[in-house]
Amino acid sequence: MNNQDEIYVKPEILALVVSAVLRKTITRADYQTRQLKGGTVGDVRLVTGMAETLEGEILPYKVVWKKQKKWERYNDPDSWRREYDLYASDLGKTFTDSLRWPECYHAEMNGDEIQLWMEYIEGVSGLNLTSGMYERAAEELGRFQGKLYAQQPDVLGNLKNLSKLDFVKSFYLRYRSWAVLYDYIRSDECEIPKHLCTMLIDIDNNADEIFSRIDKLPIVLCHRDFWVANLFCSDSKIVLIDWDTAGWGYMGEDIASLIADEADICHMLEYYQKCIPAYYRGFAEYADVSDISYHCIHELILVMFGYRLVEGYKFAESPEDKSMHLNTLQKIHEMSNI
């Protein structure tokens, strides 16, 4: 049944989880595991097999098993256990059929490690998402954040483990303090075209004013990892995975990620033009945003990804990677003319 690469699964846990997946009482189940992604602090596996029900049916199942060890993200020490805490809360009740997270069938904390058994999500994801799917994701996110912003359900006050409001600013200031990058874009040796360096330097020179404008935007519950690999679209419905960075942020942060995080470079300008109005359209169903004269998403993209792209370019291991980071910066520059 299991090869040498298999991870042992406790039979009682498997029976509990598969019973929840199939919504039937399971008497036994076999399993195979395949790693979906993972690293030194996390391991995500697809667990599949056949299960026998109390009535004697033999049924197939799929479930995701995520193990996350304790680690510390800069300025966000409890992010490693955040998904466990969020699933233990009532946040799941705020989702709709149109935008939701995966169902969690079982969660446990074992010292410095969490384990989550979650719904396996199928659908279109990553760079296979179409323009319409991007737009739909933006609108559904706006609708979700707008509803929570307007209604302020009690669950929001009970969420204790969330990333901080200044997460983006802290991230930017940390990058800006890294002389290797800060000095590079100001040096004669820099191979990044001058107009792109100037764009980044202008952000540094006007950072106080920029963050002052961002501070005037509505504060919303952000996913903070809202990029295409975490989005699944099926039948015009959006499922959003990986909530370990979630926290309080400013309206538009997640849309900046959707547009610029490991972007579909060929369509970045199109998505910038389509996703922002779609996001505001969804948000406006619940909250009046007519007084927001400037959405700051171009600035958010620059403070969130500007230095990160410079880092990617400077330390790229291939000409293709260098070109990708440079082309992304160029598309961000072109957004300023839209």
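Everything quoted here is computed from the prediction, not taken from an experiment.

Calculation rules
Residues numbered from 1 in each chain as written. Predicted model: local features only at pLDDT ≥ 70, side-chain atom pairs only at ≥ 80, totals over all residues. Heavy atoms only, no water. Helix = DSSP H or I, 4+ residues; strand = E, 2+ residues; numbered from the N terminus. Rg over C-alpha atoms; globule rule 2.2 N^0.38 Å. Buried < 20%, exposed > 50% of the residue type's maximum accessible area, 1.4 Å probe, protein only. Contact = heavy atoms within 4.5 Å. Areas by Shrake-Rupley, 256 points an atom, 1.4 Å probe, with all protein chains shown as cover. Lys, Arg positive; Asp, Glu negative; His and termini not counted. Charge placed at Lys NZ, Arg CZ, Asp CG, Glu CD. Patch = residues over 30% accessible without salt bridge, like charges linked within 9 Å, V, L, I, M, F, W, Y side chains within 5 Å. Salt bridge = Lys/Arg side-chain N within 4 Å of Asp/Glu carboxyl O. Axes fitted to C-alpha atoms, helices over the stretch in contact; angles between N-to-C directions. Parallel < 35°, antiparallel > 145°, perpendicular 65-115°, else oblique. Left-handed = near helix turned anticlockwise from the far one by under 90°. Nonpolar A, V, L, I, M, F, W, Y, C, P; charged D, E, K, R; others polar. Pairing = 2+ DSSP bridges. Expected span 1.5 Å × (residues − 1). Core = buried A, V, L, I, M, F, W, Y, C linked by side-chain atoms within 4.5 Å.

Caption draft 1: Region of the structure containing the overall build of the protein. Helix and strand counts for the protein come out as twelve helices and twelve strands. Here the C-alpha radius of gyration of the protein, 22 Å, is about what a compact globule of 338 residues would show, namely 20 Å. Across its three principal axes, the protein shows a C-alpha extent of roughly 70 × 45 × 35 Å. Going through the 338 residues of the protein one by one, you find that 51% of them count as buried. Across the protein, every contact between residues at least 6 apart in sequence was considered, and the portion connecting residues at least 24 apart equals 72%. Of the roughly 16200 Å² of accessible surface on the protein, 49% is carried by carbon and sulfur atoms. Within the protein, one finds 37 positive and 54 negative side-chain charges whose respective centroids are separated by 2 Å.

Caption draft 2: Structural detail: a nonpolar patch on the surface. Residues Trp178, Val180 and Phe315 make up a contiguous nonpolar surface patch of roughly 270 Å² in combined accessible area. Secondary-structure assignment places valine 180 in helix α6 (residues 179-182).

Caption draft 3: Expanded view of the packing of helix α7 (residues 194-205) against helix α11 (residues 297-314). Remark: α7 packs on α11, axes separated minimally by 11 Å, with the N-to-C direction vectors making an angle of 130°. Taken as axis vectors, α7 and α11 run oblique relative to one another. Crossing of α7 against α11: the hand is left-handed. On α11, the residues touching Met199, Leu200, Ile203 and Asp204 of α7 are Leu302, Val303, Gly306, Tyr307 and Val310. Residues belonging to the contact of α7 with α11 are distributed by class as follows: seven nonpolar, one polar and one charged.

Caption draft 4: Summary view of unusual backbone geometry. For aspartate 242, which is not glycine, the phi dihedral falls at a positive 60°. Along the polypeptide, aspartate 242 turns up in the loop between β11 (237-240) and β12 (247-250). For aspartate 242, a relative accessible area of 13% gives the class buried. Even without being a glycine, cysteine 296 presents a positive backbone phi close to 65°. By the secondary structure assignment, cysteine 296 is in the loop between α10 (268-283) and α11.

Caption draft 5: Structural detail: the sheet that holds β11. Reading across the sheet, the four strands line up as β5-β11-β10-β8 and stay open at both edges, with mixed pairing between neighbours. Either end of the sheet is taken by a strand with one partner, and the two such strands are β5 (99-100) and β8 (124-125). Judged from the four bridges that link them, strand β10 (residues 231-234) and β11 form a sheet pairing that is antiparallel. Within the sheet, the bridge partner assigned to serine 234 lies in β11 and is lysine 237.

Caption draft 6: Representation of α10. Over its 16 residues, α10 runs 22 Å from end to end, which matches the ideal 22 Å to within 8%, given 1.5 Å per residue. Listed in full, the buried residues belonging to α10 are Met268, Tyr271, Tyr272, Cys275, Ile276, Ala278, Tyr279, Tyr280, Gly282 and Phe283. Those residues of α10 hidden inside the fold are in contact with α3 (131-151), β9 (219-222), α9 (253-260), α11 and α12 (319-335).

Caption draft 7: Looking closely at the nonpolar core. Membership of the largest hydrophobic core comes to 89 residues, with the highest contact counts inside it found for Ile255, Ile259 and Ile301. The element contributing the most residues to this core is α11, with eleven residues.

Caption draft 8: Just the pairing of strand β3 (residues 42-53), in detail. Here β3 lies mainly inside the structure; nine of its twelve residues are buried. Pairing of strand β1 (residues 26-29) with β3, which is carried by three bridges, proceeds in the antiparallel orientation. Within the sheet, the bridge partner assigned to isoleucine 26 lies in β3 and is threonine 53. The pairing of β3 with strand β4 (residues 58-69) spans eleven bridges and is antiparallel. Bridge pairing in β4 links arginine 45 to tryptophan 65. Remark: four residues form the turn of the hairpin made by β3 and β4, two consecutive strands paired antiparallel; glycine 56 in that turn has positive phi of roughly 90°.

Don't take any of this as a statement about function, it's just geometry.
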